[in-house]
Amino acid sequence: MIIESTTLLAIIMIFFGSFVQTAIGFGLAIISAPILIIIAPQYVPAPICLVALFISLLNSRKYRSSIELGGLKMAIIGRIPGSIAGATLLVFVSAQTLSLWVGLLVLLAVFISIMPFRIEPTPIRMVFAGFFSGLFGTSSAIGGPPMAILLQHQEANQLRANLSAFFVFSSIISLITLIPVGFLNIEKLWLTLPLLPAAWAGYWLALKTTQSLPKETIRYGALMLCFICGAIAVYKSMN
């Protein structure tokens, strides 16, 4: 069987994205979406969201003892209107404009996070993080940075656990909102199927090689990914 070049590219990007997400708690879309939206845009956002749901379920099961659902409740509430807004943007706003705003907001969030003061995950901030995660995640599949920045000071396994649990709920919300605007259909489901074995392989390799990473390595890796995500989004929108 001959695999098309775009499918092969998607498989490779999903493998690396799943590896990173399992290692630090998020990163699947940050690794895969900026490249795929340029070369194979049919994979953004719905197929990536479907794979994110699959990986988040695996990671939630792995780290279920560290999940604190009570602390995520406000973020999930904020995710609902954010996802609706993100689905609306897909219909009315050009991809170039959306990419620019997403990139600038992510870069701003990274700048705030490296300031000497610490951003505590208060209920109000969790609502806003959930909203922007929904906005970015539904429109571009990149919903990790707002929540990762807010939770970055948690212990490594707790960070992985809480982000994974949040992404389970948020992926489902995003997928539901993508249906009425025509961005999730049978064709997208078929596109997703070849990606799932690659996602599982990335998950498995990360479990075997990255579980001893210290908290600060996780934090700086997350911030670096956020910065790369924002920079790529801005660069793409300017060209």
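Residues numbered from 1 in each chain as written. Predicted model: local features only at pLDDT ≥ 70, side-chain atom pairs only at ≥ 80, totals over all residues. Heavy atoms only, no water.

### Brief notes about helix α7 (residues 144–151)
Counting buried positions over the 8 residues of α7 gives 8, a clear majority of the element. Listed in full, the buried residues belonging to α7 are G144, P145, P146, M147, A148, I149, L150 and L151. (Buried < 20%, exposed > 50% of the residue type's maximum accessible area, 1.4 Å probe, protein only. Helix = DSSP H or I, 4+ residues; strand = E, 2+ residues; numbered from the N terminus.)

### A few points about a nonpolar patch on the surface
A surface patch of nonpolar side chains, about 1,000 Å² in accessible area, is lined by W101, L104, L105, L108, F111, I112, I114, M115, I124, F128 and F132. Ranked by residues supplied to the nonpolar patch, first place goes to helix α5 (residues 95–113) with 6 residues. Within the secondary structure layout, M115 lies in the loop between α5 and α6 (123–140). (Patch = residues over 30% accessible without salt bridge, like charges linked within 9 Å, V, L, I, M, F, W, Y side chains within 5 Å. Areas by Shrake-Rupley, 256 points an atom, 1.4 Å probe, with all protein chains shown as cover. Salt bridge = Lys/Arg side-chain N within 4 Å of Asp/Glu carboxyl O.)

### Some thoughts on the side chain of Q154
The topology assignment puts Q154 in the loop between α7 and α8 (156–178). A polar contact is formed between the side chain of Q154 and the side chain of N162, at a distance of 3.1 Å. (Polar contact = N/O pair within 3.5 Å; in protein donor to acceptor, adjacent residues only side chain to side chain.)

### Concerning the packing of α7 against α8
Where α7 meets α8, the axes come as close as 11 Å, and the angle between the chain directions of the two elements is 145 degrees. With respect to the hand of their crossing, α7 and α8 are arranged in right-handed fashion. Taken together, the residues of α8 that come into contact with α7 (itself represented by G144, M147, A148 and L151) are L159, N162, L163, F166 and F167. Along the lines of polarity and charge, the residues of the contact of α7 with α8 split into 7 nonpolar, 2 polar and no charged. (Axes fitted to C-alpha atoms, helices over the stretch in contact; angles between N-to-C directions. Left-handed = near helix turned anticlockwise from the far one by under 90°. Contact = heavy atoms within 4.5 Å. Nonpolar A, V, L, I, M, F, W, Y, C, P; charged D, E, K, R; others polar.)

### Considerations on the packing of helix α4 (residues 69–92) against α6
In contact at an axis separation of 6 Å, α4 and α6 are set at 35 degrees when each is read in the N-to-C sense. Viewed along their axes, α4 and α6 form a crossing whose handedness is right-handed. Looking at side-chain class alone, the contact of α4 with α6 contains 13 nonpolar, 11 polar and 1 charged residues.

### A look at the nonpolar core
Across soluble globular proteins, you tend to see nonpolar side chains buried next to one another. Counting 66 residues, the largest nonpolar core has I24, F26, L36, L72, M147 and L163 as its most contacted members. Per-element tally for this core: the top contributor is α8, with 10 residues. (Core = buried A, V, L, I, M, F, W, Y, C linked by side-chain atoms within 4.5 Å.)

### Remarks on the environment of V106
Relative to the elements of secondary structure, V106 occurs in helix α5. Judged by its relative accessible area of 2%, V106 falls in the buried class. For the pair V106 and P146, spaced 40 residues apart in sequence, the C-alpha separation works out to 7.6 Å. In contact with V106, other than residues within four places in its own chain, are F136, P145, C226, C229 and G230.

### Comments concerning the environment of A222
Looking at the element boundaries, A222 is found in helix α11 (residues 215–237). Residue class for A222 comes out buried when judged on its relative accessible area of 5%. Once the C-alpha coordinates of A222 and G202 are considered, the two residues, 20 residues apart in sequence, prove to be 17 Å apart. Every residue in contact with A222, bar those within four places of it in the chain, is listed here: I24 and F26.

### Considerations on unusual backbone geometry
Going from V44 to P45, the amide bond is cis rather than trans, its omega being 0 degrees. Topologically, P45 is positioned in the loop between α2 (28–39) and α3 (46–62). Phi is positive for A141, which is not a glycine, with a value near 75 degrees. Positionally, A141 belongs in the loop between α6 and α7.

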